[in-house]
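Descriptive analysis of the structure
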Amino acid sequence: MNAVLSNHDLKKLDDAHHLHPFTDFKELSAQGGSRLITRGEGCWIEDDSGNRILDAMAGLWCVNVGYGRKELAEAGYRQMLDLSFYNTFFKTTTGPAALLSAKLAEITPAGFNKVFFANSGSEANDTIVRMVRHYWNLKGKPSKKTFISRTHGYHGTTMASTSLGGMSVMHGQGDLPLPGFVHVMPPYPFDLANGMEPEAFGRLAARMVEEKILELGAENVAAFIGEPIQGAGGVIIPPDSYWPEINRICREHDILLIADEVICGFGRLGHWFGSQRFGIEADFMTLAKGITSGYVPLSAVMVGDRVAETLIEEGGEFYHGFTYSGHPVACAVALANIAVIESENLVERTRTDIGPYLRAKLEEALDGHPIVGEIRSEGLIGAIEIVKDRKTRERFPGGGKVGLMARDHCFRNNVILRGIRDSLVFSPPLTLSHGEADEIARLAKLSLDQTA
Ligand code: PLP
């Protein structure tokens, strides 16, 4: 189809028939439809006009090993020829599913030895909601049903995962959250600390979780879920005091702890998993995105030993699963992806080399910039806070418009950073070169100059 139709025709077809996610359909059409992306290589994508665009978002925070890797493409191709599909229901498995489950048990923190596969982060979180409630029923504590999560948290778009998320605009569509999902404030020092010292603020934010547990009664609370660093909510990096306090609270009140590692996993923070960076002692981990670097859809629920034992020994048949749970092609690609992360030392490189280098270059380029209130990052994820006044941290009027304006300038300057409320966020491939980091810093400055 692509061979006979022009890019212009493709865009017309798209505009006529394609309902895009997270998009105002009418506005997109009025603006002439979508920009057509045609190729990707390394950290770069190309559009239909031949523009090369530096992708400082790794797609949707997922293309950890960069675009166009032959190793991953060949693994998928070979697997399709050998066995294109077989399911993992009803007492069958495949080689790639078996190998990947063992590999995930090996690279995740101690105490995670069991894996349940799904296709997306949303499905994995939905799966966890069912597993958690099933677990407490098995434990004879059926009143433990409520999930606590954070404002600005993002956990996906199914009914349960949107309910877990703390995005009010999303709750406004579909009459959400469902009953049994409540939210507390995020550990977001820049917006909420009000001059408080960060570590004290981190403890305070964690204690908000404890207050909510006490308000609801621990006997009614099933689990707390959080991203080690809140990604789509604006790259909210908690002070180091936050997660140890959450560990303590969950332990003391007998609440299960879920680390949603969909963005933070697979090297993004310079550790294999965000839980290792922050010392999170989770009962579940949600994995997706970087598990295949986005080459094919795959997600996984890591179930901690304590919960797994109960589910296995006492749970009977778990009436849950997706046709493509443990899809052999996706698992083969995930194995090739993990092999690349290992052989190119991308986790350590992110922590000790390219992560700090990008941060230093951004700080150098944006030093004293009139509308930059803060630059924060961890590994290769970060945010630039945009303010009207850098001293008072007064925001621009318009509730997030300035973030979108800055993002649009970036887009026109052929670098992709994302606008989230009043910030620009970045999360480039872990294969980013020093020269590409220089370019991100240069283009971010140019775009912020144009925004000011
Ligand atoms: N959890 C987190 C932390 C995410 O960032 C996302 C997606 O951005 C999801 C879950 C949902 O994943 P998916 O879009 O694959 O359903």
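The chain is annotated in an unreviewed UniProt entry as Aspartate aminotransferase family protein of Aerophototrophica crusticola. Word for word, the UniProt comment on the chain under Cofactor (unreviewed entry) is "pyridoxal 5'-phosphate". Under the UniProt heading Sequence similarities (unreviewed entry), the entry covering the chain gives this text: "Belongs to the class-III pyridoxal-phosphate-dependent aminotransferase family."

For the rest of this paragraph, the subject is the sheet that holds strand 13 (residues 415-416). Overall, mixed pairing links the four strands, which are arranged 1-2-3-13 in an open sheet. The strands lining the two open edges of the sheet, one partner per strand, are strand 1 (37-41) and strand 13. Note: strand 3 (residues 52-55) against strand 13, two bridges, orientation parallel. When the sheet's bridge partners are listed, L54 is paired in strand 13 with V415. Relative to the sheet, helix 17 (residues 434-451) contacts strand 3 and strand 13, its axis offset from that of strand 3 by approximately 95°.

Annotation of the chain at the domain level lists domain 1 (35-65 + 345-451) and domain 2 (72-343). Domain 1 puts 26 residues into the contact, and the matching count from domain 2 is 22 residues. Going through the elements one at a time, helix 3 (58-61), helix 15 (346-366), strand 11 (372-378), strand 12 (381-386) and strand 15 (423-426) are the ones with two or more residues in the side of domain 1 that touches domain 2. Looking at the side of domain 1 that touches domain 2, the element that brings in the most residues is helix 15, giving five residues. Looking at side-chain class alone, the side of domain 1 that touches domain 2 contains 12 nonpolar, eight polar and six charged residues.

On to the site of the ligand, then. Neighbouring the ligand are 15 residues, the closest being S120, G121, S122, G156 and V262. Sorting elements by how many residues they give to the shell around the ligand places helix 6 (residues 121-138) first, with three residues. When its residues are assigned to classes, the shell around the ligand shows six nonpolar, seven polar and two charged.

A word on helix 6. Here helix 6 contains 18 residues, and its C-alpha end-to-end distance of 25 Å stays within 8% of the 26 Å for a straight helix at 1.5 Å per residue. The buried fraction of helix 6 is high, at 13 of 18 residues. G140 occupies a position one or two residues after helix 6 and carries a positive phi of about 75°.

Model confidence for the chain is summarised by a mean pLDDT of 97, while 99% of its residues fall at 70 or above. For this predicted complex, the interface score ipTM comes out at 1.00, alongside a pTM of 0.98.

The next thing to look at is the packing of helix 6 against helix 13 (residues 305-314). When two helices pack together, their arrangement is given by the angle between the helix axes and by the axis-to-axis distance. It is at 10 Å that the axes of helix 6 and helix 13 come closest, and there the two elements cross at 70°. The orientation of helix 6 relative to helix 13 falls into the category roughly perpendicular. Between helix 6 and helix 13 the crossing geometry is left-handed. Contact with helix 6, carried on its side by M131, H134, Y135 and L138, involves V307, T310, L311 and E314 of helix 13 and no other residues of that element. Among the residues making up the contact of helix 6 with helix 13, the classes are represented as five nonpolar, two polar and one charged.

Moving on, we come to unusual backbone geometry. Cis geometry marks the peptide bond from L176 to P177, where omega comes out at 0°. As for its position among the elements, P177 is in the loop between helix 8 (168-171) and strand 6 (181-184). With phi around 70°, K91 is a residue other than glycine that occupies positive phi space. Assignment of secondary structure puts K91 in the loop between helix 4 (70-82) and helix 5 (95-107). A tally of 5 C-beta atoms within 10 Å means that K91 is categorised as exposed. Despite not being glycine, N414 shows a phi value in the positive range, around 65°. Structurally, the position occupied by N414 is in the loop between helix 16 (401-412) and strand 13. For N414, a count of 16 C-beta atoms within 10 Å translates into the label partly exposed.

What counts and how
Residues numbered from 1 in each chain as written. Predicted model: local features only at pLDDT ≥ 70, side-chain atom pairs only at ≥ 80, totals over all residues. UniProt positions renumbered as here; feature names shortened; annotations may be inferred. Pairing = 2+ DSSP bridges. Helix = DSSP H or I, 4+ residues; strand = E, 2+ residues; numbered from the N terminus. Contact = placed C-beta atoms within 7 Å. Axes fitted to C-alpha atoms, helices over the stretch in contact; angles between N-to-C directions. Domains from an automatic or database assignment. Nonpolar A, V, L, I, M, F, W, Y, C, P; charged D, E, K, R; others polar. Near = placed C-beta within 6 Å. Expected span 1.5 Å × (residues − 1). Buried ≥ 20, exposed ≤ 12 C-beta atoms within 10 Å, placed from the backbone. pLDDT = per-residue confidence, 0-100. Parallel < 35°, antiparallel > 145°, perpendicular 65-115°, else oblique. Left-handed = near helix turned anticlockwise from the far one by under 90°.

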